[in-house]
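# Overview (structure and organization)
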Amino acid sequence: MNGRDIYIGVADAAPVALLGGRVKLYLPEKGYRAAIDPVLLAAAVPAEPGQQVLDLGCGAGAALLCLAARCADVALTGLDIQADAVRWAGAGIAAGGWADRARVVPGDVADIAASGLAPNSFDHVMTNPPFWELGRHSASPVAGKAASHGEGAGDLTGFIQAALRLLKSGGSLTVIFPAVRLASLLALMEGRFGDIAVLPLWPRAGVAAKRVIVQGRRDRKSPLRLLPGLVLHGPGQTYTPETEAILRDAAPLPLS
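Residues numbered from 1 in each chain as written. Predicted model: local features only at pLDDT ≥ 70, side-chain atom pairs only at ≥ 80, totals over all residues. Heavy atoms only, no water.

Below, the discussion takes up the overall build of the protein chain. When helices and strands are tallied, the protein chain shows 7 helices and 11 strands. When each of the 256 residues of the protein chain is scored for burial, the buried share is 49%. Summarising the internal contacts of the protein chain: among those between residues at least 6 apart in sequence, 70% fall at separations of at least 24. Surface accessibility of the protein chain: about 11,500 Å² in total, with carbon and sulfur atoms responsible for 55%. (Helix = DSSP H or I, 4+ residues; strand = E, 2+ residues; numbered from the N terminus. Buried < 20%, exposed > 50% of the residue type's maximum accessible area, 1.4 Å probe, protein only. Contact = heavy atoms within 4.5 Å. Areas by Shrake-Rupley, 256 points an atom, 1.4 Å probe, with all protein chains shown as cover.)

Structure below.
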């Protein structure tokens, strides 16, 4: 391999390093760019050896690959509607040497039964769903980026319903989502998930949270918990030590 470390079938994508080089994420030269959201999402999943984890709407696989790097002996499945994203995620799996326990399948959250994934088969589901409601944002002219950021047929309701179908009873759902849409997410989880924890992600101390991580357990009844939250940035553009440990050293972000 040279220069761009091209794998078969991903000549249209180049690798980006995550978790201090533990992960190679293949991304197109134009379109969706990797942010810290999927890294934080993966860090919050309480996966244990021998368990099955699904990344709903996995895109190029950032969260899935980060979880593979952090948690040995965990089986991972990604599902995405975009054929290119499935290829790029597969390249990241191959680059990490995780093909024996990770896979990505094509499928539509709006028609989860057609994906071939068995109901009640996953211990954990994580998702970084499209943030913005249809007609409530300016869509990107780049098709892949538009599909990642804005809802289509697979809206937030579809993502929650798919998670319910695929999770085992007592399994966890972990979602990263805009704070301004937290009420919509909690309304969809009410009565279906319990032991819900909400973790605000503060851009810096004293600044309103733009993102939250929400985690709940299917069929549980425990009350909601609002956690202290994580401050992302310190002085200037530096990350706080806690955030740096997650982003560079693959530290977990427990919501317990």
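Secondary-structure assignment places A43 in helix α1 (residues 37–44). Given a relative accessible area of 6%, A43 falls into the buried group. Each C-alpha atom of the pair A43 and A250 lies 7.3 Å from the other, and the pair is 207 residues apart in sequence. In this view, A43 contacts R70, I246, A251, P252 and L253; residues no more than four positions away in its chain are not counted.

This next bit is on the packing of helix α5 (residues 156–166) against helix α6 (residues 182–189). Relative to each other, α5 and α6 sit at 35°, their axes nearing to 10 Å. Where α5 crosses over α6, the two elements pack in a sense that is right-handed. Contact residues: L156, T157 and I160 in α5; S184, L185 and L188 in α6. Here the contact of α5 with α6 is composed, by residue class, of 4 nonpolar, 2 polar and no charged. (Axes fitted to C-alpha atoms, helices over the stretch in contact; angles between N-to-C directions. Left-handed = near helix turned anticlockwise from the far one by under 90°. Nonpolar A, V, L, I, M, F, W, Y, C, P; charged D, E, K, R; others polar.)

As a further point, take unusual backbone geometry. It is generally the case that most residues other than glycine have a negative phi and that most peptide bonds are trans. In this structure, D73 is a non-glycine residue whose phi angle is positive, near 65°. Note that D73 resides in the loop between α2 (62–70) and β4 (75–80). Take D73: its relative accessible area is 56%, and that puts it in the exposed class. Unusually for a residue other than glycine, N120 sits at a positive phi of about 55°. For N120, the position within the fold is in the loop between β5 (102–106) and β6 (122–127).

This part is about the environment of D100. Among the structural elements, D100 can be located in the loop between α3 (83–96) and β5. The spatial distance from the C-alpha of D100 to the C-alpha of D73 is 9.9 Å, given a sequence separation of 27 residues.

With that settled, the discussion passes to the packing of aromatic side chains. Applying the stated criterion across every chain yields a total of 1 aromatic pair. The interplanar angle of 90° and the centroid separation of 6.0 Å between the aromatic rings of F131 and F177 together place this pair among those described as edge-to-face. A residue pair is termed long-range when its members are at least 10 positions apart, and F131 in the loop between β6 and α4 (143–149) and F177 in strand β7 (residues 167–178) qualify at 46 residues. The exposure class assigned to F131 is buried, which follows from its relative accessible area of 10%. Taking relative accessible area as the criterion, F177 reaches 0% and is therefore assigned buried. (Phe/Tyr/Trp six-rings, centres within 6.5 Å; stacked < 30°, edge-to-face > 60°.)

Along the chain, R217 falls in strand β9 (residues 211–218). Relative accessible area serves as the criterion here: at 22%, R217 is assigned to the partly exposed category. With 47 residues separating them along the chain, R217 and G170 place their C-alpha atoms 5.3 Å apart. Those residues in contact with R217, other than ones at most four positions away along the chain, are P46, H124, G170, G171, S172, R192, F193, G194 and D195.

It is worth spelling out the side chain of T174 at this point. Within the secondary structure layout, T174 lies in strand β7. Under the relative-accessibility criterion, T174 is labelled buried at 0%. At a separation of 2.8 Å, a polar atom in the side chain of T174 contacts the side chain of Q215. (Polar contact = N/O pair within 3.5 Å; in protein donor to acceptor, adjacent residues only side chain to side chain.)

The subject of this paragraph is the nonpolar core. One finds L40, L67, L76, L201, I213, L253 and L255 to be the most contacted residues of the largest nonpolar core, which totals 51 residues. Filtering out sequence-adjacent residues up to four positions away, L201 remains in contact with L40, I176, A209, K210, R211, I213, L230 and L232. Judged by nonpolar contacts, the second largest core, of 29 residues, contains L54, L79, F122 and F177. (Core = buried A, V, L, I, M, F, W, Y, C linked by side-chain atoms within 4.5 Å.)

Note: α-helices contain 3.6 residues per turn, so residues at a spacing of three or four share the same orientation. Among the 9 residues of α2, 7 are classified as buried, and the element is accordingly described as predominantly covered. Turning to α2, its buried residues are A62, A63, L64, L65, C66, L67 and A68.

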